[in-house]
Amino acid sequence: MSAPTAAARTIVVTGVAHRGQVGEAVAEAFARQGDLVCVVARSADDANARSADLAARGHRALAFACDLADPAATSALAHAVASATGRIDALVNLAGGFAMSGPVADSDPATAAHLHRINVDTALLATRAFLPALRQSQGAVVYVASAAALPGARVRNVSAYAMAKTSVLVLMRAVAQEERAHGVRANAIAPAAIRTAANAESMPDDTRYVEREDVAAAVVWLCSPEAAAVTGQVVELSP
């Protein structure tokens, strides 16, 4: 695929691995409005498959594989995307994951470390790597937190996940405050449980879900010119 024209937008979406998950819906929403979507997954097979899905529907997409918890690999990713596209207008940090950690007294520190790595380290390293390009375009960064990170949330047995997503919100606020002078905006969404293929299989039948399409709509809006004055904000998404 040739590089986009100067007027086209390039959107980097991390964590786009499997069908039926949030990343697929977010990538599709950007692609439908004509953006070039750079699909990032840890596995090259997954990235290529999701990029091919978009291309089969007539959309523009490029695939990139990266372990976003690896600083050197993430820096190389940012250079590769910039070289392939010439411009980066938004970074959507969807990479992450959930796990129950159980009561704090009985919890395994390895679970907390893993959740921090896949939720916080990935977002931090991706942001750090892509900020130079985002400053040039005066672009946007979107983070995915969770309702579990909001004041008054029920965090029993999920403290490790809630702590990781709270750290994501702190990262967002820091970037919003530090980068506004460079024209870069940073915001976060904080959804309740999302109706994904994985959640539908594992959660109780009476679970109330936020729809994937609603998540995608919020992310697209936060990256749009209509949200040019919005930064440092957390958008709560409820069923």
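Look a little higher up for the structure.
Owing to the predicted nature of the structure, the values given are computational and were not obtained by experimental measurement.

The rules behind each value
Residues numbered from 1 in each chain as written. Predicted model: local features only at pLDDT ≥ 70, side-chain atom pairs only at ≥ 80, totals over all residues. Heavy atoms only, no water. Helix = DSSP H or I, 4+ residues; strand = E, 2+ residues; numbered from the N terminus. Buried < 20%, exposed > 50% of the residue type's maximum accessible area, 1.4 Å probe, protein only. Contact = heavy atoms within 4.5 Å. Lys, Arg positive; Asp, Glu negative; His and termini not counted. Charge placed at Lys NZ, Arg CZ, Asp CG, Glu CD. Pairing = 2+ DSSP bridges. Right-handed = clockwise from strand over helix to strand, strands pointing away. Core = buried A, V, L, I, M, F, W, Y, C linked by side-chain atoms within 4.5 Å.

> Please clarify how the overall build of the protein chain should be interpreted in this entry.
If you tally the helices and strands in the protein chain, you get 7 helices and 7 strands. The helix and strand sequence of the protein chain, counted from the amino end, reads β-α-β-α-β-α-β-α-β-α-β-α-α-β. Along the first, second and third principal axes, the C-alpha atoms of the protein chain reach 55 × 40 × 35 Å. The buried share of the protein chain, taken over its 239 residues, is 50%. Taking contacts inside the protein chain between residues at least 6 apart in sequence as the whole, the part at least 24 apart equals 73%. Distance from the positive charge centre (20 side chains) to the negative charge centre (22 side chains) of the protein chain: 4 Å.

> Please clarify how the environment of Asp108 should be interpreted in this entry.
If you trace the backbone, Asp108 turns up in the loop between β4 (90–93) and α4 (109–137). As a C-alpha pair, Asp108 and Ala160 span 52 residues in sequence and 9.6 Å in three-dimensional space.

> Could you clarify how one ought to interpret the pairing of strand β1 (residues 10–14) in this entry?
Sheet faces and side chains relate simply in a regular strand, where the side chains alternate between the two faces. With 5 of its 5 residues buried, β1 lies for the most part within the structure. Side-chain alternation along β1 places Thr10, Val12 and Thr14 on one buried face and Ile11 and Val13 on a second face that is also buried. Pairing of β1 with strand β2 (residues 36–41) involves 5 bridges; the strand directions are parallel. Each residue of the ladder has a partner; that of Ile11, found in β2, is Val37. As for the winding sense of the linkage, the β-α-β connection from β1 through helix α1 (residues 22–32) to β2 is right-handed.

> When you look at the nonpolar core in this model, what are you seeing that I'm missing?
If you look at the biggest cluster of nonpolar residues, it comprises 43 residues, and the most contacted ones within it are Val12, Leu77, Val81, Phe130 and Tyr143. Breaking this core down by element, the ones donating at least two residues are β2, β3 (61–65), α3 (71–85), α4, β5 (140–144), α5 (159–179) and β6 (185–191). When residues in this core are grouped by element, the largest group, 10 residues, is from α5. In this structure, Val16, Val26, Ala216 and Leu237 belong to the second largest nonpolar core, which totals 33 residues.

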